[in-house]
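So you can see what is in the structure, the chains are spelled out below.
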Amino acid sequence: MSQNSTGNIKQFNLGEGHRMTPQRRFVYEVLMNSKDHPTATEVFMRVKNKMDSISLATVYNCLDALVGVGVVRQVNVDREPSRYCGNLEPHAHFHCENCASVEDISLKDGAKPSNSLKLPRGAKVEKFEVVVRGLCPECALSIKTKKQLN
Ligand SMILES: [Zn+2]
Ligand SMILES: [Zn+2]
C-alpha cells in the first residue's frame, strides 16, 4: 500500500473547474501522510502548520473538491464528524467504539469486494464502504487488563 504518495500528486487531473490550488495540494498532502483518518478540523490544524492563512471553510471546500473527484474518501461513522481517508485501495474501516479511532482494514490478497460479497446479479460496484466496529487491539487489551484487576 502506498501512503507515501506525495510524489503522485501531479499524476491526476482534477478536471474542469477543479484546479489543484495550493490549498487543495496541502489538504491532499496532509491526507496522503495521515493514516489516522482525520476529521476536517484535524486536517485544518495540520494544514495550518504549513499554510497559516488557510481557514476551516477553505479546508471544507478543498475536502469536498477532493472527495468529488474521487482522490480522497469520506468516511462516516454514526453521527460523528466525517473523517477523510487518502487511501484509495479498496479497503474497509475498523472503528473502535472505545477510543473512536478509525483504521484501514485491507482486503486479503487478491480479494475483491465484488467477488467476496453476494451482490445482486448485474450490479456494478462503484464504492466499497464497510465499517467494522469493535475494540482496537490496544483498547481490547486494556479493557481485559482492567477486568482482571477488578
Ligand atoms: Zn481503541
Ligand atoms: Zn481508510
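You'll find the structure just up there.
Everything numeric in this text was worked out from a predicted model, so none of it was measured.

1. Digging into the overall build of the protein chain
Argument step 1. On a plain count of helices and strands, the protein chain comes out with five helices and five strands.
Argument step 2. Starting at the N terminus and walking to the C terminus, you meet the elements of the protein chain as α-α-α-β-β-β-β-α-β-α.
Argument step 3. Across the 150 residues of the protein chain, 19% fall into the buried class.
Argument step 4. When contacts within the protein chain are restricted to residue pairs at least 6 apart in sequence, those whose partners lie at least 24 apart make up 54%.

2. Quick look at the sheet that holds strand S5 (residues 131-134)
Argument step 1. Spatial strand order, S4-S3-S5: three strands in an open sheet with mixed pairing. For this open sheet the edge positions go to strand S4 (102-106) and S5, each flanked by a neighbour on one side alone. Taken pair by pair, the neighbouring strands of this sheet meet at an average axis angle of 30°, ignoring direction.

3. Focus on helix H5 (residues 137-149)
Argument step 1. With 13 residues, H5 ought to run about 18 Å at 1.5 Å a step, and its terminal C-alpha atoms sit 18 Å apart, in line with that.
Argument step 2. Of all the 13 residues making up H5, zero are buried; the element is thus mostly uncovered.

4. Focus: the environment of serine 53
Argument step 1. Tracing the chain through its elements places serine 53 in the loop between helix H2 (40-50) and helix H3 (56-68).
Argument step 2. The spacing of serine 53 and glutamine 23 is 30 residues in sequence and 9.8 Å in space, taken between C-alpha atoms.

5. Side note on H2
Argument step 1. Listed as buried for H2 are Ala40, Val43, Phe44 and Val47. Down the axis of H2, the buried set is contained in an arc of 100°. They therefore lie on one face. Structural note: H2 exposes Thr41 and Asn49 on the side pointing more than 90 degrees away from its buried face.

6. Points about the pairing of S4
A regular strand places its side chains on the two faces of the sheet in alternate fashion.
Argument step 1. In this structure, strand S3 (residues 91-96) lies alongside S4, joined through five bridges in antiparallel fashion. Across the sheet, the residue bridging to histidine 93 is aspartate 104, located in S4.

Basis of the calculations
- Residues numbered from 1 in each chain as written.
- Chains lettered and ligands numbered in written order.
- Predicted model: local features only at pLDDT ≥ 70, side-chain atom pairs only at ≥ 80, totals over all residues.
- Helix = DSSP H or I, 4+ residues; strand = E, 2+ residues; numbered from the N terminus.
- Buried ≥ 20, exposed ≤ 12 C-beta atoms within 10 Å, placed from the backbone.
- Contact = placed C-beta atoms within 7 Å.
- Pairing = 2+ DSSP bridges.
- Axes fitted to C-alpha atoms, helices over the stretch in contact; angles between N-to-C directions.
- Expected span 1.5 Å × (residues − 1).
- Arc of directions from axis to C-beta.

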